[in-house]
Amino acid sequence: MNWRNVQLVLSREMRDQLRDRRTLFMIAVLPILLYPLVGMTFLQLKQFMQEHKTRVEVVGREEIAGIDGLPPLFNIQGNRFAESLVGESGLGDQVELVFRDQDSRMAGSQRGSQKSDPEQDMNLEQALANARQRLTTGEIAAIIYFPPRFGKELELFRQELANRIIAVRNPESANSDNSEPVSGDRKDVPPPVPQPEIIFSSANERSSLAHLRLSQILHQWTLAIGQQNLEVSRVPLFAMRPFEFRGQDLAQGAIRRAAVWAKILPFVVFVWALTGAFYPAVDLCAGEKERGTLETLLSSPASRAEIVWGKLLTVMIFSIATAVLNLVSLGATGQFVISQLQQMPGFGEDLALAPPPFLSLVWLLVALVPVSALFSALCLALAAVARSTREGQYYLLPVLLVTAPLMVLAISPGVELDLGKSLVPVSGLVLLLKSLIEGNYSQALPYVFPVLGVTAICCLLSIRWAVEQFSKESVLFRESERFDLRRWIIHAVRDRNDTPSIATALTCVALIFLLRFFMGFALAASPMETFSDIAVMFFVTQVVIILFPAVLLTLLFTRQRRRTLLLDRRPPLSAIGMGLLLACLMRPVGDQLVVWIQYLYPSGEEMAAFGQLIHDLLGQAPNFLWIIVLIAVLPACCEEIAFRGLILSGLRHLGHKWWAIGLSALFFGLCHSIMQQSIAAAVMGLVLGYLAVQTGSLIPCILFHMTYNSLEMVSGYLAKHSEEILEKRPELELFLTKSGSSIGLACTYQPFLVIACGVLALYVLVWFGRFSYVPSAEEYLEELRHQRTQESLV
């Protein structure tokens, strides 16, 4: 690679981008204007919320008006709550109380009578109904309702409580009038008091806010009544809470401040790095297609790889610049908004958020380099596929939908950096940056190389994809077209090819995932009590969800069905025998892989219980043949026809067999519902895809799959009866060993046996590489183009 050409391409693209007003607006102008505008809007809304009061109507206030010694709840003269309850919190200024005289007249005479007047109770209920109507129309935000006889029952409660306290302290005087003896061990309590209510509407935001404010104030009033009852009973207040647990935070102020910013800055910076990479990438690829300047660049002495590297560096520079400018603008605006909020009443030390430590900003700038490289390579590859700028912009949402959950997962509470999470793209980088900002260097140091290694692999794959897209004239110079689903279906059926297209293969994947998602809920809701239940679940999963879409699309959109499903060629007996041998050799390797996966991503108790349930239900099978059919035969036939048949045949039109093998293995792994099982299945999918391509037949794949799953039952038997087997046959300890219970298995293979099987399995794969596979038309053209490129370089 000539880096001089890369530099020339870089300078050309930078000059063109700096002349583009849309790019400059998105990168420089928008961050400077956006955050101050958002900050001013927030301050205005906050000021409006501070000044806006919520109207609350009180129904039945006379129920508490005549109770002697009760802590005050209302300050009726000012239509406010008592100052002793709201204090300096500002809640009293945010609530406007509404008292209606007719309510007082309705309930006023209730205080003087021994019994409740039904007519007066009915009037109070009518007042409550009127208040509910006003709440529905929005005239008020909430209602405080004291039910009939609330005050009388509360007085009786307090009097009864005082009498019982006296009786406990002086039992002789309490029993002098031949009353029932009173013991300090009595469990009964005074009769309950009618419960007051806060009536609100959760569908109304203003009403929900009023409910929150009233709950705080009335909770203080209830505590005040409880404290008064203790004082009347001559019980000290500290008896209710003799001690409290005090928190002692060992983190210093700078560390606490860094922990707060560690949850905010990585997400903000990474999102803007992705946004800053996407728009320049679209303009550098799809934009040049529309302007007609891409042909001039392709006719230059620079190779396609040099062009891609020049464009990649340009996109990286704009991605880093966008993230830095947004970070600076966000920090300046946030500091100004917080300073203004601290001056408002009701806000104070809670908003005392200091700027992030300087070292955290340094780590952010360091982390921007790999994350910008990753996002730039991914966006550049997607932009090369786009026919126009408009189509390229449509790709931003799917990219955000994929990357945003990975970033949110990393900053979720309770998620910490470990070896398993460090191998997840984007999430590992966010967790590593979070640990570095928090100052946990000892925790972050062991995972620096795994995180950077995974990020580098993803970058190289994206760059490789971008180079391949730039090497295909069919991708670079295809014209925009309007998509019509009806015409596309008619065209796909009428003008179908011998084998499925890429769109047909992806459609099959989408149908399988949709059926798996929706029918999975139905299967999960069905009872799992007998062997027939588990048999139905296996049959529906394999036949209806996986096999049916593949067979349907094969019949509709292909002409040569046997060739599509790789059933038109009879493989040699040597290939069948070596496939069976490979399955036997891969079983110990697969079991060890499961152990490693369980170590990196431990499964929960629910998954272990579900696996035990499946094992117990399979034990109820009428005979062993049924288990073989459900575990080995049915998955081998259905999954191989779908993934190594239709899907792999369609993906081979990409022009590269390894891309087809890798994507089909990825889809095969994602089809499994359990994450740990998906990883192991994806690895086995690579082996099965390689067998299918090299032999050109599905029969070795079906036999491999069937044998591999059948040996799984042998491994399960060894895991369950390992102690008995090793006690009876001690010589087997040369091949088997017990593992810790944390792994989730009771028995695994000795390391030397796993290594030996792995080496022999690799030799068998090399032996399959000697087969001269039949390439697709696209693979043949890609190989021919690669040879011509190598000859031109020589």
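Note that the structure is predicted; figures quoted are calculated from it, not measured.

Next up on the list: the packing of helix 28 (residues 624–651) against helix 30 (residues 675–695). Between helix 28 and helix 30, whose axes approach to 11 Å, the crossing angle comes to 55°. Classed by the angle they form, the pair helix 28 and helix 30 counts as oblique. Seen from above, helix 28 lies across helix 30 with right-handed handedness. Residues Glu640, Arg644 and Leu648 of helix 28 form the contact with helix 30, whose own contacting residues are Gly685, Leu688, Gly689, Ala692 and Val693.

For the rest of this paragraph, the subject is the confidence of the model for the chain. Summarising the model, the chain shows a mean pLDDT of 79, and 80% of its residues fall at 70 or more. Low pLDDT, under 50, characterises residues 102–115; the stretch is placed with 29 contacts to residues that sit more than four places away or in other chains. Segment residues 181–187 is flagged for pLDDT under 50; beyond a separation of four residues in sequence, or across chains, it makes eight contacts in the model.

As a further point, take the nonpolar core. Judged by nonpolar contacts, the single largest core of 65 residues is most densely connected at Phe270 and Phe375. For this core, the secondary-structure elements that each account for two or more residues are helix 10 (253–262), helix 11 (265–291), helix 12 (294–298), helix 13 (304–342), helix 14 (358–385), helix 16 (396–410), helix 18 (427–438) and helix 20 (448–470). Top contributing element to this core by residue count: helix 14, with 14 residues. Counting residues in each nonpolar core, the second largest holds 55 residues, with Leu553, Ile661, Val693 and Leu698 among its members.

Right, let's talk about the side chain of Ser329 for a bit. Mapped onto the secondary structure, Ser329 falls in helix 13. Other than its neighbours up to four places away in sequence, Ser329 contacts Pro31, Ile32, Tyr35 and Pro36.

Moving on to the pairing of strand 5 (residues 142–145). Burial along strand 5 is two-sided: the residues Ala142 and Ile144 and Ile143 and Tyr145 are all buried. Bridging between strand 1 (residues 54–59) and strand 5 involves four bridges; their strand directions are parallel. Counted as the bridge partner of Val56 is Ala142 from strand 5. In this structure, strand 5 lies alongside strand 6 (residues 197–199), joined through three bridges in antiparallel fashion.

Here the phi dihedral of Val426 falls at roughly 70°; this positive angle occurs in a residue that is not glycine. The phi angle at Leu566 is positive, at roughly 55°, despite the residue not being glycine. Considering the arrangement of structural elements, one finds Leu566 in the loop between helix 25 (561–564) and helix 26 (573–600). On the basis of relative accessibility, which here comes to 10%, the residue Leu566 falls in the buried class.

Glancing now at the environment of Ser532. For Ser532, the location among the structural elements is in helix 24 (residues 531–557). When its relative accessible area of 43% is taken as the criterion, Ser532 is described as partly exposed. A C-alpha to C-alpha distance of 8.5 Å links Ser532 and Ala621, two positions 89 residues apart in sequence. Engagement of the side chain of Ser532 in a polar contact is seen with the side chain of Thr530, the distance being 2.8 Å.

Attention now goes to the sheet that holds strand 1. Taken in spatial order, the four strands make up an open sheet running 4-1-5-6, and their pairing is mixed. Looking at the sheet topology across the chains shown, the edges are occupied by strand 4 (95–98) and strand 6. Each adjacent strand pair in this sheet contributes to an overall mean axis angle of 25°, direction not counted.

This part takes up a nonpolar patch on the surface. A cluster of nonpolar side chains, contributed by Phe358, Leu359, Leu361, Val362, Val366 and Tyr441, occupies part of the molecular surface with about 540 Å² of accessible area. For the nonpolar patch, the leading source of residues is helix 14, giving five residues. With respect to the element layout, Tyr441 can be found in helix 19 (residues 441–444). A relative accessible area of 37% places Tyr441 in the partly exposed class.

Attention shifts here to the pattern of salt bridges. All chains considered together, the criterion is met by 13 salt bridges. Across the pair Arg12 and Glu13 runs a salt bridge, and its minimum N-O distance is 2.6 Å. With respect to burial, Arg12 and Glu13 carry one shared label: buried. The partner of Asp498 in a salt bridge is Arg563, and the shortest N-O contact between them spans 3.8 Å. With Asp498 in the loop between helix 22 (485–494) and helix 23 (502–525) and Arg563 in helix 25, this pair connects stretches of sequence that are 65 residues apart. For Asp498, a relative accessible area of 30% corresponds to the partly exposed category. Assessed through its relative accessible area of 39%, Arg563 is described here as partly exposed. Linked by salt bridges that have partners in common, Arg12, Glu13, Asp16, Glu288 and Lys311 make up one network.

Rules and cut-offs
Residues numbered from 1 in each chain as written. Predicted model: local features only at pLDDT ≥ 70, side-chain atom pairs only at ≥ 80, totals over all residues. Heavy atoms only, no water. Axes fitted to C-alpha atoms, helices over the stretch in contact; angles between N-to-C directions. Helix = DSSP H or I, 4+ residues; strand = E, 2+ residues; numbered from the N terminus. Parallel < 35°, antiparallel > 145°, perpendicular 65-115°, else oblique. Left-handed = near helix turned anticlockwise from the far one by under 90°. Contact = heavy atoms within 4.5 Å. pLDDT = per-residue confidence, 0-100. Core = buried A, V, L, I, M, F, W, Y, C linked by side-chain atoms within 4.5 Å. Buried < 20%, exposed > 50% of the residue type's maximum accessible area, 1.4 Å probe, protein only. Pairing = 2+ DSSP bridges. Polar contact = N/O pair within 3.5 Å; in protein donor to acceptor, adjacent residues only side chain to side chain. Patch = residues over 30% accessible without salt bridge, like charges linked within 9 Å, V, L, I, M, F, W, Y side chains within 5 Å. Areas by Shrake-Rupley, 256 points an atom, 1.4 Å probe, with all protein chains shown as cover. Salt bridge = Lys/Arg side-chain N within 4 Å of Asp/Glu carboxyl O.

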